[in-house]
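# Observations on chain architecture
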Amino acid sequence: NGNGNGNGNGNGNGNGNGNGNGNGNGNAWYSAQVGTLRSSNVKLSRRLSLNPPSSSHGKITLSGQVSPPLTKPASPIVVWQRVGCGKQTVVARIEPKATGRYSITLPDPPDVPTAFYRTTTLVLQAGGSHARFETFSLEGPVRLR
């Protein structure tokens, strides 16, 4: 576990160490370290969220939210799937609702016990800018049933 306040460095402890760095604008980046293993840097706040995926009767349900400001028209949300240690592949493109919410049901991938999902989209920068940038959800695992 790690703590950072977005204004400098923060440290945490537990089974490993966490570090946070930020410049005070809400864009803090965090990482975790256990022994010699270190995670990639992850933003504290995200513009695209993915709720924990669920699987039932051979189908996976994914849902989440894109935070405004959205592009006009809203950019599609790209759904990426990773099984095992394989590469990520695009399995769907969906349009979010005007509220930014999205949901999709997909078939389970065959012959694997677990799959991982991540979503990406384009959003506008805050503050009235028309500049677009790509944003990502964190990867969500799902045990297939």
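Residues numbered from 1 in each chain as written. Predicted model: local features only at pLDDT ≥ 70, side-chain atom pairs only at ≥ 80, totals over all residues. Heavy atoms only, no water.

### Description of the overall build of the protein
Each helix and strand in the protein was counted, giving 0 helices and 14 strands. Reading the helices (α) and strands (β) of the protein from amino to carboxyl end gives β-β-β-β-β-β-β-β-β-β-β-β-β-β. In the protein, which comprises 145 residues, the share counted as buried stands at 32%. For the protein, the share of sequence-separated contacts (at least 6 apart) that also reach a separation of at least 24 residues comes to 48%. As displayed, the protein has an accessible area near 9100 Å², and 52% of this comes from carbon and sulfur atoms. (Helix = DSSP H or I, 4+ residues; strand = E, 2+ residues; numbered from the N terminus. Buried < 20%, exposed > 50% of the residue type's maximum accessible area, 1.4 Å probe, protein only. Contact = heavy atoms within 4.5 Å. Areas by Shrake-Rupley, 256 points an atom, 1.4 Å probe, with all protein chains shown as cover.)

### Points about the nonpolar core
Among the nonpolar cores identified, the biggest contains 18 residues, and Leu 62, Val 79, Leu 106 and Tyr 117 are the most heavily contacted of them. When residues of this core are traced back to their parent elements, those giving at least two are strand E6 (48-50), strand E8 (59-66), strand E9 (77-83), strand E10 (89-94), strand E11 (101-107) and strand E12 (114-124). Each residue touching Val 79, except ones within four places of it in the same chain, is listed here: Leu 62, Thr 89, Val 90, Val 91, Ala 92, Ile 94, Leu 106, Tyr 117, Arg 118 and Thr 119. (Core = buried A, V, L, I, M, F, W, Y, C linked by side-chain atoms within 4.5 Å.)

### What about the environment of Leu 106?
With respect to the helices, strands and loops of the structure, Leu 106 is situated in strand E11. On the accessibility criterion, Leu 106 (10% relative accessible area) is buried. Leu 106 sits 51 residues away from Ser 55 along the chain, and the two C-alpha atoms are 9.3 Å apart. When neighbours within four sequence positions are excluded, Leu 106 is seen to be in contact with Gly 58, Lys 59, Ile 60, Leu 62, Val 79, Val 91, Ala 92 and Tyr 117.

### Focus: the packing of aromatic side chains
Going through the model one piece at a time under the given rule, you end up with 0 aromatic pairs. Residue placement shows Arg 82 over the ring face of Phe 116; its charged tip is 4.4 Å from the ring centre. (Phe/Tyr/Trp six-rings, centres within 6.5 Å; stacked < 30°, edge-to-face > 60°. Lys NZ or Arg CZ within 6 Å of the ring centre and 35° of its normal.)

### Digging into unusual backbone geometry
Backbone torsion omega between Pro 68 and Pro 69 reads 5°, so that peptide bond is classified as cis. Relative to the helices and strands, Pro 69 is located in the loop between E8 and E9. That bond from Lys 72 to Pro 73 is cis: its omega, -5°, falls within 30 degrees of zero. Structurally, the position occupied by Pro 73 is in the loop between E8 and E9.

### Brief notes about the confidence of the model for the protein
Of the residues in the protein, 80% reach a pLDDT of 70 or more, and the chain-wide mean stands at 82. Here residues 1-25 scores under 50 on pLDDT; set against residues more than four positions off or in separate chains, the count is 49 contacts. (pLDDT = per-residue confidence, 0-100.)

### Section: the pattern of salt bridges
With the rule as written, the count across this model stands at 1 salt bridge. Residue Glu 139 pairs with Arg 82 through a salt bridge whose shortest N-O separation is 2.7 Å. Highlighted residues: Glu 139 in the loop between strand E13 (132-136) and strand E14 (140-143) and Arg 82 in strand E9, separated in sequence by 57 residues. What makes Glu 139 partly exposed here is its relative accessible area of 34%. (Salt bridge = Lys/Arg side-chain N within 4 Å of Asp/Glu carboxyl O.)

### With respect to the environment of Ala 28
Examined against the element boundaries, Ala 28 turns out to sit in the loop between strand E2 (17-21) and strand E3 (29-34). Sequence separation between Ala 28 and Ser 45 is 17 residues, and the spatial gap between their C-alpha atoms is 7.4 Å.

### Describing the pairing of E3
Sheet analysis places E3 next to strand E4 (residues 37-38), joined by 2 bridges and oriented antiparallel. The residue bridging Val 34 from the neighbouring strand is Leu 37, located in E4. (Pairing = 2+ DSSP bridges.)

### A look at the side chain of Thr 71
Position of Thr 71 relative to the elements: it lies in the loop between E8 and E9. Of the polar contacts made by the side chain of Thr 71, one reaches the side chain of Ser 75; its length is 2.8 Å. If near-sequence neighbours (up to four positions away) are discounted, Thr 71 is found in contact with Leu 122, Val 123, Leu 124 and Arg 132. (Polar contact = N/O pair within 3.5 Å; in protein donor to acceptor, adjacent residues only side chain to side chain.)

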